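What the coordinates show
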Amino acid sequence: MSWLRSKFAQAVLALVVAFVLFRFAIRPPVPWTVVTLYMAIVLVAVLVYVSSDSDSWRNFLAPIRSTLVEDSKRPVRVGVMVLIPLVVGYYAYTQAAARIEAPAELRAIHPAPPASISFSGKTFDIQGLDNPLRKDAANLGKYVAEGAVIYIKNCVYCHGDNLDGAGPFAHAFSPPPANFTDAGTIAMLQEAYLFWRIAKGGPGLPKESKPWNSVMPAWEDKLSAEDIWKVIMFLYDATGYQPRRWESHAAPAPSQRVGARSGGAFSLAFLAAPLGRVLAPPTEAQQPGDAAQGKVIYEKKCLLCHGEKGDGNGPGAPMLDPKPRDFTKGRYKVRTSASGQPPTDSDLFRVISDGMPGTSMPAWKVISETDRWNLVAYVKSFAGGAFTIAPKAAELPKEVAASKDSIARGKEMFEAIECNKCHGNAGRGDGPSAPELTDDWGNPVRPANLTKPWLFRGGGSSRQVATRLATGLMGTPMPAFIDSVEKPEDIWHVANYVQSLRPSKPDYVTVLQARAVAGGIPDDPAAPFWAQQPPANFSLAGQVIVDPRNFNPSIDGVAVQAVYSDTEIAFHLTWDDPTFSKSDPKAKTFADQMALQFPAKAGKEETERPYVLMGDGSNPVTLLRWTSDEGVGEATAWGIGKITPKLADAVKAVGKAVFADGRYRLVIKRPRATKDHDELAFPVGRFLSVAFMAWDGGAGETESRMSFSSWYFLRLEEPASATPYIVPPVVALLTVALELLVFRGARRGAWGE
Amino acid sequence: MLKWVSVLCAGVLAAALIAGASTLVAAQDAGSIVGEVKFSGTPPAPKVTKVNKDNQVCGDEKRSEEVIVGANKGLQNAVVSLVGAKGPAPKPARKPVLDQKGCVFAPHVLVVPAGADVDILNSDGILHNIHTVSTANPSLNKAQPKFKKVMTEKFDKPETIQLRCDVHSWMAGWLVVQAHPQYALSDASGAFKLDNVPPGKHKVEVWHETLGKMTQEVEVKAGAPSKVTFELGKK
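Residues numbered from 1 in each chain as written. Chains lettered and ligands numbered in written order. Predicted model: local features only at pLDDT ≥ 70, side-chain atom pairs only at ≥ 80, totals over all residues.

**With respect to the overall build of chain A**
For chain A, the count of helices and strands is 19 helices and 20 strands. Considered along the principal axes of its C-alpha atoms, chain A spans approximately 95 × 70 × 70 Å. For chain A, the residues scored as buried account for 38% of the 753 residues in total. Counted over contacts in chain A with a minimum sequence separation of 6, partners at least 24 positions apart contribute 66%. (Helix = DSSP H or I, 4+ residues; strand = E, 2+ residues; numbered from the N terminus. Buried ≥ 20, exposed ≤ 12 C-beta atoms within 10 Å, placed from the backbone. Contact = placed C-beta atoms within 7 Å.)

**Considering the domain arrangement of chain A**
One frequently used descriptor of interface size is the decrease in accessible area upon assembly of the parts. Its domain assignment divides chain A into domain 1 (2-102 + 729-747), domain 2 (106-255), domain 3 (272-387), domain 4 (404-501) and domain 5 (511-716). Between domain 2 of chain A and domain 4 of chain A, the C-alpha centre-to-centre distance is 43 Å. (Domains from an automatic or database assignment.)

**Thoughts on the confidence of the model for chain A**
Any residue range with low pLDDT should be treated as having predicted coordinates unsuitable for detailed reading. Across chain A, the average pLDDT comes to 87, with 91% of residues at 70 or higher. Residue range residues 249-283 of chain A is modelled with pLDDT below 50. Its contacts to residues more than four positions away, or to other chains, number 32 contacts. (pLDDT = per-residue confidence, 0-100.)

**Section: the interface of chain A and chain B**
In this assembly, 22 residues from chain A lie in contact with 20 residues from chain B. Class assignment for the residues of the side of chain A that touches chain B results in nine nonpolar, six polar and seven charged. (Nonpolar A, V, L, I, M, F, W, Y, C, P; charged D, E, K, R; others polar.)

**Topic: the packing of helix H1 (residues 7-25) of chain A against helix H2 (residues 32-50) of chain A**
Residues and elements named next belong to chain A. Where H1 contacts H2, the axes come no closer than 10 Å and their chain directions differ by 160°. As the angle between them shows, H1 and H2 are arranged roughly antiparallel. Crossing angle aside, the handedness with which H1 passes H2 is right-handed. Each of Lys7, Ala11, Ala14, Leu15, Ala18, Phe19, Phe22 and Arg23 in H1 lies in contact with H2, whose residues at this interface are Val35, Tyr38, Met39, Val42, Leu43, Val46 and Val50. The residue makeup of the contact of H1 with H2, split by class, is 13 nonpolar, no polar and two charged. (Axes fitted to C-alpha atoms, helices over the stretch in contact; angles between N-to-C directions. Parallel < 35°, antiparallel > 145°, perpendicular 65-115°, else oblique. Left-handed = near helix turned anticlockwise from the far one by under 90°.)

**Structural notes on the pairing of strand E4 (residues 122-125) of chain A**
Residues and elements named next belong to chain A. Relative to E4, strand E3 (residues 116-119) runs antiparallel, the two being bridged by four bridges. Across the sheet, Ser116 pairs through a bridge with Asp125, a residue of E4. Linking two consecutive strands that pair antiparallel, namely E3 and E4, is a turn of two residues; a positive phi of about 35° is found at Ser120 within it. (Pairing = 2+ DSSP bridges.)

**Some words on the packing of helix H3 (residues 54-69) of chain A against helix H19 (residues 723-747) of chain A**
Residue and element names in this part refer to chain A. For the pair H3 and H19, interaxial distance at closest approach is 9 Å and the crossing angle is 95°. Relative to H19, the element H3 lies roughly perpendicular. Residues Arg65, Leu68 and Val69 of H3 form the contact with H19, whose own contacting residues are Phe743, Ala746 and Arg747.

**Here we look at helix H10 (residues 291-301) of chain A**
Residues and elements named next belong to chain A. Buried residues of H10: Gly294, Ile297, Tyr298 and Lys301, and no others. Angular distribution of buried residues about the axis of H10 spans 105°; they occupy a single face of the element. What points out from H10, more than 90 degrees from its buried face, is the exposed set Ala292 and Glu299. Residues of H10 that are buried make contact with helix H11 (303-306) and helix H13 (369-381). (Arc of directions from axis to C-beta.)

**Points about the sheet that holds strand E11 (residues 150-154) of chain B**
Residue and element names in this part refer to chain B. Pairing within the open sheet is mixed, and its four strands lie in the order E6-E5-E8-E11. Looking at strand neighbours, the two that pair on one side only are strand E6 (104-106) and E11, the edges of this open sheet. Across the sheet, the mean angle separating the axes of adjacent strands is 25° when strand polarity is ignored. Pairing of strand E5 (residues 97-101) with E6 involves three bridges; the strand directions are antiparallel. Residue pairing in the sheet places Asp99 in a bridge with Ala106 of E6.

**As for the nonpolar core**
Phe195, Leu512, Leu540, Ile668, Phe692, Ala694 and Phe708 of chain A are the most contacted members of the largest nonpolar core, which has 118 residues in total. The contact partners of Phe692 of chain A, leaving out residues within four places of it in the chain, are Phe538, Leu540, Val558, Leu596, Phe708 and Ser709 of chain A. Core analysis: the second largest hydrophobic core is formed by 64 residues, Leu450, Val494 and Tyr497 of chain A together with Leu194 of chain B among them. (Core = buried A, V, L, I, M, F, W, Y, C linked by C-beta atoms within 7 Å.)

**Remarks on the sheet that holds strand E16 (residues 200-208) of chain B**
All names here are of chain B. Pairing is antiparallel in the open sheet, where four strands are placed in the order E14-E4-E16-E17. Each edge of the sheet is formed by a strand with only one pairing partner; in this case those strands are strand E14 (183-185) and strand E17 (212-220). Across the sheet, the mean angle separating the axes of adjacent strands is 20° when strand polarity is ignored. In this sheet, E17 lies alongside E16 in antiparallel orientation, the contact comprising nine bridges. Its bridge partner lying in E17, Trp207 is registered against Lys213.

**What about unusual backbone geometry?**
In this structure, Pro322 of chain A follows Asp321 of chain A across a cis peptide bond, with omega equal to 0°. In this structure, Pro322 of chain A sits in the loop between H11 and helix H12 (345-354). With omega at -10°, the peptide bond leading from Asp547 of chain A into Pro548 of chain A counts as cis. Relative to the assigned elements, Pro548 of chain A resides in the loop between strand E9 (541-542) and strand E10 (557-564). Of note in the backbone geometry, Lys73 of chain B takes a positive phi value of approximately 60° without being a glycine. Along the chain, the position of Lys73 of chain B falls in the loop between strand E3 (61-63) and strand E4 (79-82).

**Some details on helix H5 (residues 140-154) of chain A**
For H5 of chain A, which comprises 15 residues, the first-to-last C-alpha distance of 21 Å matches the rise-based estimate of 21 Å (1.5 Å per residue) to within 8%. Elements in contact with the buried residues of H5 of chain A: helix H6 (156-159), helix H8 (225-239) and H11 of chain A. (Expected span 1.5 Å × (residues − 1).)

**Some remarks on the environment of Val48 of chain A**
Position of Val48 of chain A relative to the elements: it lies in helix H2. Separated by 584 residues in sequence, Val48 of chain A and Val632 of chain A have C-alpha atoms that sit 66 Å apart.

**So, the confidence of the model for chain B**
Residue and element names in this part refer to chain B. Averaged over all residues, the pLDDT of chain B is 87; the fraction at 70 or higher stands at 88%. Counting contacts from residues 16-26, a segment whose pLDDT is below 50, to residues more than four positions away or on other chains yields 18 contacts. Prediction confidence for the complex, expressed as pTM and ipTM, is 0.81 and 0.83 respectively.

**Looking at the environment of Glu399 of chain A**
Along the polypeptide, Glu399 of chain A turns up in the loop between H13 and helix H14 (404-416). Along the backbone, Glu399 of chain A and Ser462 of chain A are 63 residues apart, and their C-alpha atoms lie at a distance of 9.1 Å.

See below:
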């Protein structure tokens, strides 16, 4: 370890260790700008250390000097002198050609609440306010149970069954819904604080918390004060946290609690986690469960949806689609057992552990493995005799790997066995039989959209798809195909074909980049021009605050391409919708719609955005929209249902939509600026705000029954420039010149020895 | 000794009585029940579904076969059975066949003995799926694509099973798995006949898919048919 005595080696080691710590040990990861800042501080500290006295400094310089001067080190010298300009040049390139990132949002996570709020005509003093229900000690359990029902009917969609902010709608929102199990949320707040946040939601936040994109609605019109207190009691009961008390802590000044959103805590967990995984390998081996133990867990975690009797009729069930499983029939969709057979214990265990994608059933990994096996035992006990015989496993033919031939054969078989009848020609769940399908309980069911494998109930891998094809999804219209393909291995070919329709889930982004193009932009959504533009994917979720609410939105995402020219901006939107529908009172269908939402005071750098659900009375939004009844139009909205369409001359947008095989493609074009000062404008290089809303009229979606996204950014990219190709060589050349200067200095002995 | 003989005799007699309820009854000793199932009231106009797929095979319209009323208000497709009859159902002379033709189940109601193989045909040359809504037997949902002309299935437990095809939502049928030999299906004029009924008082039950169940007491005499008329209507 003699080399460690070299000051130079020490300095390098210190820098490397510091970098590794800053980069990998801090969770969540800190932004690069922060890492750079920390590293600069460490560098200064290291330089101070090595230059503390002249011996030390000489020791530090020695290896550098010898590299520069000694003839024996010539190859190293040349290598270093070539490498440094290249690295610096590359760095210059990455900076000049940097991708645009959304502006960092610094905001008060827990801003100071107002002294008092008005709630349905009454004034509540937040400061010092306690949960009035806690005085009624005899009924605490009853209030918590009632709070749980309120939660499952209103909050679960975003905040999730596990209270971890990962509900089925969470993916559509940025910032994500609050995670109540995190020690940084309700555990450090008073109940009155929660009361204020629930009652007034995102729109009620003070200025210091802006820009705030919270989609949290104001629940004051939907829930009574008592309801809110009950749900608060449920939150603390379910997470095991205690609310903070007024006596013990005066509310700290908000400035003390301001933190960067991405800021995190230093932790060594990253070291411990992999170790822990090695020490405790997951044992998924089947265990005999104890139904009595399972009952205890069931009543805590499952009953609200699946019901006390296991019949799928819990208090949360009416809002859900697909409906929670009715355990009394012993009929299950996702199985590895043959058609007509009950599932194996492992099948049930897997569904409990991994959840059902695309439904409100989450992955219950928070429940211990033993308890999950206990749940399996309890759930089976609802079905009387269905589980008396051990289920027969479905036999799958030998796996066929995906290949061009296999996919071609799969397509041929897909057509021969007429998968399109339900799933549609392109697999988007738009087949002619799709609207009529019901399950064995008489509930309408939608065939899977095969281009969204991440939503397959039993998983999207080839093996999982092949198993579903072989066994069918019992209780649904999906039949078993194992005896109904030409050769058994066709099951694998069809599975490979289904996989080829969409290999992976799209990445969702937060910035929609509009590219600069020269000349005219085609109106036709099917024009080849659009295929060349990179899409940005945005996720959509249901609207659940204004009646009628939409718990099961039909449209869960939209892919957007944006381009602009000197005069125009154009948006190309692609989304799946199983039916083309128009307003038809007889058929109970409505117009299909898509809307882009902008703040009405647009074109300004965003600091204050209107509330994402069409704004409010003081902060309106502008909608660029298309409906299957009326085509492209524009409107101003002051809240949901308060929409004023612009009249003929005021509408500047034009566009066109095409519908084929369960998919819409739409182009909306608009002048980038108009003379009117208050109008929508699209300047280059600024972070503008945009949000999306969609309606599937064929599924009964209209007005407030819609899906929507939170606010995202729209940025018109500066036209492509030569900068990324000019700057790096210049920087590299300058570096070479600097190197030569240092080299000459060293040769002349200016560094002294 | 005598006691044993009498016990044995009594046993034989009892066995004979039980067997008497089945086909073992000699023809001259048995009676029969003939009758009619009638629709009471004004028969409803059949529901008509507009066909929106496979029109070349299925046609453009499908009339519901739920309630078929013939001449003299005779109700077709009602299942008449003797309550409490014993014994296994006889093996049918021909394998029971359920066809899917013109996008309907033919016959609309099929009565089969428990445990018999049933041939399910696809005469249409398009995809059907045979989907049973059953509880006693395993719930069946198998695809039958165009190239799968015949599928053979067995239904072991007596049950009245609803049949559907999810591809064609109007397709509906019934499979009645017999518990014993005494079953009859009413024909287009509503007529039915139960043969080989042992003499005595019997309860006769009629079941119809939408009009429900009804029972009547019938006195059967050897060698002569007893008459019974059921009137079913919307409740």
